[in-house]
Structures are given as C-alpha cells and as structure tokens.
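The primary structure of each chain is shown beneath.
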Amino acid sequence: MDIQAYYEYCLSKKGVTEHFPFDEDTLVFKVGGKMFALSSLKEWENGSPSINLKCDPERAQELRAQYDDIKPGYHMSKVHWNTVTVNSELPDKFIRELIGHSYDLVFNSLTKKIQSEINLSEN
C-alpha cells in the first residue's frame, strides 16, 4: 500500500476529514471529530510507513500475538490502539480491513445524532 492508496481509502469512508492537529508531519483522519487513523508522512517518505489504528482491546491483543508487524499503539493508549507496519508481510487487503475496523469502532461510538448527520450528508 502506498501513501496515495492509504489516503484515498481513508477519505472514501463516510464523513471522514483530514487534519494535522499535532504538527505538519502527522496526518490524522477523523470521523465525527474523533480520530480513527494517523500516520507520519516523514516515515512514509523514509520508506518505513506505519499507521496507528483504533482496535477492540481483545482483538488488539490477538493481532499483536499473531503478527510481528502489529505493535501496541505508538504514543497512544496501548489498550485501544495498534501501530501497523505498512509494506511488510501484511497484505494491503488486511490493512484495509484494519482501517475499516478502526473507522467502524469510532463511527459506532458517535452519538446517534452525529451518525445520522454523517449518513444524511453522504446521500
């Protein structure tokens, strides 16, 4: 997966916006004002891309045990976030699934009102 595919996939999700809230390097994708994916642009340029993704705590533990390229979230809650190494042994399809899981967790945590507004704005 390259940076363009990552960028386009995240933005293809309903109600997603992009931000740089921390610095000019860290690209953050949000839905309903809440983060679901973030990544360092410099690391993509340097050839060592990774993405921080929200994850169900039990699944996060299972994924870390199963894959060397999935670690506890760097600079994030280690319970709810994983750092996923891109362009490693993990297939792009699987990385898209992990991004989708993160998006779904965050979207489903939003109030019904915000979910409805996002759904209506996409029609």
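The structure this text deals with has already been given above.
The shown structure was predicted, so the numbers you read here are calculated from the model rather than taken from an experiment.

K.L.:
Even after reading the chapter, I still don't get the nonpolar core, so can you show me in this structure?
P.N.:
In summary, soluble globular proteins display a tendency toward joint burial of nonpolar side chains. By size, the foremost hydrophobic cluster in this structure holds 28 residues, and its most contacted members are Tyr6, Phe36 and Ile51. Within the residue set of this core, elements represented by two or more residues are helix H1 (3-12), strand S2 (26-31), strand S3 (34-40), strand S4 (50-54), helix H3 (57-66) and helix H4 (92-109). Ranked by the residues each element gives to this core, the list is headed by H4, at 7 residues.

K.L.:
What should I look at first to understand H4 in this one?
P.N.:
Note that an α-helix has 3.6 residues per turn; residues three or four places apart therefore point the same way. With 18 residues, H4 should cover 26 Å at 1.5 Å per step; its first-to-last C-alpha distance of 26 Å lies within 8% of that length. Where H4 is concerned, the buried positions are Phe94, Ile95, Leu98, Ile99, Gly100, His101, Ser102, Tyr103, Val106 and Phe107.

K.L.:
I would appreciate a short explanation of the pairing of strand S6 (residues 81-85) in the present structure.
P.N.:
The two faces of a sheet get side chains in turn, since along a regular strand they alternate between them. Counting buried residues in S6 gives 4 out of 5 residues, a clear majority hidden from the surface. Pairing of S4 with S6, which is carried by 5 bridges, proceeds in the antiparallel orientation. Each bridged residue has a counterpart across the sheet, and for Ser50 the counterpart in S6 is Thr85. Across 3 bridges, strand S5 (residues 70-72) lies against S6 in antiparallel orientation. Paired with Ile70 across the two strands is Val84, which belongs to S6.

Analysis parameters
Residues numbered from 1 in each chain as written. Predicted model: local features only at pLDDT ≥ 70, side-chain atom pairs only at ≥ 80, totals over all residues. Heavy atoms only, no water. Core = buried A, V, L, I, M, F, W, Y, C linked by side-chain atoms within 4.5 Å. Buried < 20%, exposed > 50% of the residue type's maximum accessible area, 1.4 Å probe, protein only. Helix = DSSP H or I, 4+ residues; strand = E, 2+ residues; numbered from the N terminus. Expected span 1.5 Å × (residues − 1). Pairing = 2+ DSSP bridges.

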